[in-house]
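Listed below, chain by chain, are the residues.
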Amino acid sequence: EHGNRVDNITDWALKQFSTRFADEIGKGKGARKITKEAIFHYCYAVLHDPVYRETYAQNLKREFPRIPFHPGFWRWAEWGERLMQLHVGYESVEPFALARHDEPDQKARAAGLAPKALLRSDPAAGGITLDTETTLRGVPAEAWTYRLGNRCALDWVLDQHKETRPRDPTIREKFDTYRFADHKEAVIDLLRRVTTVSVETQGIVAAMKDVQR
């Protein structure tokens, strides 16, 4: 507000966490004080915990989530911080080394047309078909399991970049200017980065399954 940061973590919550995890804070110069930002990261991690999400699946459909106090506050806070770095900064993570295979669409080229956009995923084969010329291969199995809502993150990217024809003829005439071919390289780069995000997220989530609660 007015250029000043406002924390969504209340003073009451800070007191609860500080009291509950007093033994993890330590004393003197070596003390590691719990902050509101660390609590935010802790909550973000807990909301990705597969055990928590499965145990309280029905509750989470009906009410706001309740945040448990798991042993090892800093481990959860560090997981949450890393998850936020991945999810908020997904455009700057290291692109995953997917193999690109190009085979010219001679028919389209002969007609002076761009390759036909397909944007299809094949989880079983670990591949993504972008158009009639280009395929990405080597997508790890775990990348398909990271979901945004009820949809795989990679499929979400593909769906957002498909070419659609507006039904209204006036809108179609004036504003139907999007062509996948114009954005193909940017989409390939994005898919590689989202693959990295998906793989690293699922690695953290897998580590959560085995910790004490």
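Located above this text is the structure these notes cover.
Residues numbered from 1 in each chain as written. Predicted model: local features only at pLDDT ≥ 70, side-chain atom pairs only at ≥ 80, totals over all residues. Heavy atoms only, no water.

Colleague: Sorry if this is basic, but what is going on with the nonpolar core here?
Modeller: Considering soluble globular proteins, one finds that nonpolar side chains tend to be buried as a cluster. Ranked by size, the top nonpolar core spans 46 residues in total, and within it Tyr42, Phe73 and Leu191 carry the most contacts. Secondary structure elements with two or more residues in this core: helix H1 (11–20), helix H3 (36–46), helix H6 (73–88), strand S3 (127–131), helix H8 (153–160) and helix H10 (184–208). Tallying contributions element by element places H10 first for this core, with nine residues. When residues no more than four places from it in sequence are discounted, the contact partners of Leu191 are Ile128, Leu130, Leu136, Leu154, Val157 and Leu158. (Core = buried A, V, L, I, M, F, W, Y, C linked by side-chain atoms within 4.5 Å. Buried < 20%, exposed > 50% of the residue type's maximum accessible area, 1.4 Å probe, protein only. Helix = DSSP H or I, 4+ residues; strand = E, 2+ residues; numbered from the N terminus. Contact = heavy atoms within 4.5 Å.)

Colleague: Mind showing me how you'd approach the packing of aromatic side chains here?
Modeller: Centre-to-centre distance and the angle between the planes together describe a pair of aromatic rings. What the rule picks out here adds up to eleven aromatic pairs. A ring pair is formed by Phe17 and Tyr42, whose centres lie 5.3 Å apart and whose planes are at 75°; its orientation type is edge-to-face. Taken as a pair, Phe17 in helix H1 and Tyr42 in helix H3 lie far apart in primary sequence, 25 residues in all. We classify Phe17 as buried; its relative accessible area is 7%. Residue classification places Tyr42 among the buried positions, given a relative accessible area of 0%. With 5.7 Å between their ring centres and 90° between their planes, Phe21 and Phe69 make a pair best called edge-to-face. Of the two residues, Phe21 sits in the loop between H1 and helix H2 (22–25) while Phe69 sits in the loop between helix H5 (57–62) and H6, which places them 48 residues apart along the sequence. Looking at Phe21, the relative accessible area reads 0%, which means it is buried. An aromatic cluster of at least three residues, connected via ring pairs, comprises Phe17, Phe21, Tyr42, Phe69, Phe73 and Trp74. Across the ring face of Phe21, the terminal group of Arg20 is positioned such that the distance to the ring centre comes to 5.3 Å. Taking NZ or CZ as reference, Arg32 lies 3.8 Å from the ring centre of Trp74, over its face. (Phe/Tyr/Trp six-rings, centres within 6.5 Å; stacked < 30°, edge-to-face > 60°. Lys NZ or Arg CZ within 6 Å of the ring centre and 35° of its normal.)

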